[in-house]
Amino acid sequence: MRLLFIGDVVGKAGRAVVLAELPKLRAAYALDFVVVNGENAAGGFGITEAICDDLLNAGADCVTLGNHAFDQREALVFIERQPRLIRPANYPKGTPGRGANLIESASGARVLVVNLLGRVFLDALDDPFATIERELAACPLGTACDAAVIDFHAEATSEKQAFAWFVDGRASLVVGTHTHVPTADARILPGGAAYMSDAGMTGDYDSVIGMEKDEPVRRFTTRLPTSRFEPASGPATLCGVAVETNAQGLAVKVAPVRIGGALAPARPDFW
Ligand code: FE2
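Please read these numbers as outputs of a predicted model, since none were measured by experiment.

1. Structural notes on unusual backbone geometry
Working step 1: In this model, Phe121 sits at a positive phi of 65°, which is unusual for a non-glycine residue.
Working step 2: Topologically, Phe121 is positioned in the loop between β6 (110-117) and α4 (128-138).
Working step 3: Positive phi, normally seen in glycine, also occurs at Arg223, with a value near 70°.
Working step 4: Considering the arrangement of structural elements, one finds Arg223 in the loop between α6 (214-222) and β11 (238-245).

Below, the structure is given as structure tokens:
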């Protein structure tokens with residue numbers, strides 16, 4: 001299968017590059033399954049139903065979230081009727097929505113998508129390692145699903161790497177999100193999990209992690225908030241990772257993807 005994961009879409013600029021580029025990518029690369037992290041899609045904070053629908057209509061099969069999952073309060077309601085919107089699986093019991101789902105691709109393949117939050121420098125949620133153990137036991141790769149994509153939304157690279165080693169051999173792709181900067185370590189681990197510490201954000205990099213620079217610089221230099229954080233609105237870079245899997249659902253190829261905006265372009269050379 002040909003999988004594409006697109007990192008944290010930030011604000012209108014991020015949405016615009018996804019809406020412009022994803023339909024072309026789907027067609028050009030004959031993609032089987034696309035996952036988009038949309039937790040910053042609505043003005044940098046959370047997601048609305050209309051924006052979620054836009055991302056799905058542009059070619060996403062599934063939208064994942066993170067620590068900003070419910071910043072737009074309507075997400076607490078519409079996530080219940082949107083099986084393709086996945087929030088972190090290690091939120092407390094009773095949190096609306098699903099932390100994992102088995103989603104059928106257009107070609108009929110069954111793809112398990114799991115979203116988890118790390119616990120280093122983030123809220124102390126349930127153990128993501130114990131949570132993924134449970135999810136993978138319920139839906140083993142190669143038998144119950146044809147591919148397994150895990151979006152590990154976390155701050156610390158150490159936690160992301162430890163998590164990837166923990167699930168290697170049992171997932172097609174483990175990709176980090178949340179730091180909004182792409183890492184240069186896309187590779188396939190010995191057990192067959194494609195891994196990238198962070199996919200990077202899909203947004204305007206002429207910014208501080210997607211936000212207009214002035215207010216973050218002011219807060220770092222004066223400690224005083226003077227205005228709201230606003231998403232940067234210049235040309236965005238679509239950032240992500242492309243993966244090809246074999247019949248067992250394990251990765252055989254992986255490459256970073258960067259299209260448009262301020263970052264050097266990158267596209268997979270194997271498709
Ligand atoms: Fe985040």
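2. A look at the pairing of β11
Working step 1: Across the eight residues of β11, eight count as buried, placing the element largely inside the fold.
Working step 2: Here β11 shows a buried face lined by Leu238, Gly240, Ala242 and Glu244 and a second buried face lined by Cys239, Val241, Val243 and Thr245.
Working step 3: Taken together, the eight bridges between β11 and strand β12 (residues 251-259) define a ladder with antiparallel strand orientation. Of the residues in β12, the one forming a bridge with Ala242 is Ala255.
Working step 4: Taking the residues that link successive antiparallel strands as the turn, the β11-β12 hairpin has five residues, and the phi of Gly249 there is positive, at about 90°.

3. Considerations on the coordination of the iron ion
Working step 1: Of the protein atoms, only Glu39 (OE), Asn67 (OD1), His153 (NE2) and His178 (ND1) coordinate the iron ion, at distances of 2.1 to 2.3 Å.
Working step 2: For the iron ion, the single-chain donor residues occur in sequence as E-x27-N-x85-H-x24-H. Placement of the pair is Glu39 in the loop between β2 (33-37) and α2 (49-57) and His153 in strand β7 (residues 147-153), with a sequence separation of 114 residues. Summarising the burial analysis for this pair, Glu39 and His153 share the class buried.

4. Quick notes on the sheet that holds strand β3 (residues 62-64)
Working step 1: Pairing in this open sheet of six strands is mixed, and the strands run β4-β3-β2-β1-β11-β12 from one edge to the other. The open sheet terminates on both sides in strands that have one partner only, identified here as β4 (85-86) and β12.
Working step 2: Sitting on the sheet, α2 touches β2, β3 and β4, and the angle it makes with β3 is about 130°.

5. Details of the pattern of salt bridges
Working step 1: Throughout the structure, instances matching the rule amount to eleven salt bridges.
Working step 2: Where Arg218 meets Glu215, a salt bridge forms, and the shortest distance between an N and an O atom there is 2.7 Å. Taken together, the positions of Arg218 and Glu215, both in helix α6 and three residues apart, correspond to about one turn of that helix.
Working step 3: Judged by its relative accessible area of 32%, Arg218 falls in the partly exposed class.
Working step 4: Judged by relative accessible area, which is 4%, Glu215 ranks as buried.
Working step 5: Residue Arg219 is joined to Glu215 by a salt bridge in which the shortest nitrogen-to-oxygen separation is 2.7 Å. Here the residue Arg219 and the residue Glu215 both occupy positions in helix α6, the gap between them amounting to four residues, near one helical turn.
Working step 6: Among the ionic contacts, a cluster of salt bridges with common partners joins Glu215, Arg218 and Arg219.

Definitions and limits used
- Residues numbered from 1 in each chain as written.
- Predicted model: local features only at pLDDT ≥ 70, side-chain atom pairs only at ≥ 80, totals over all residues.
- Heavy atoms only, no water.
- Helix = DSSP H or I, 4+ residues; strand = E, 2+ residues; numbered from the N terminus.
- Buried < 20%, exposed > 50% of the residue type's maximum accessible area, 1.4 Å probe, protein only.
- Pairing = 2+ DSSP bridges.
- Donors = N, O, S within 2.8 Å, 3.2 Å for Na, K, Ca; no water.
- Contact = heavy atoms within 4.5 Å.
- Axes fitted to C-alpha atoms, helices over the stretch in contact; angles between N-to-C directions.
- Salt bridge = Lys/Arg side-chain N within 4 Å of Asp/Glu carboxyl O.

Note that all results are geometric; they support no functional claim without further evidence.
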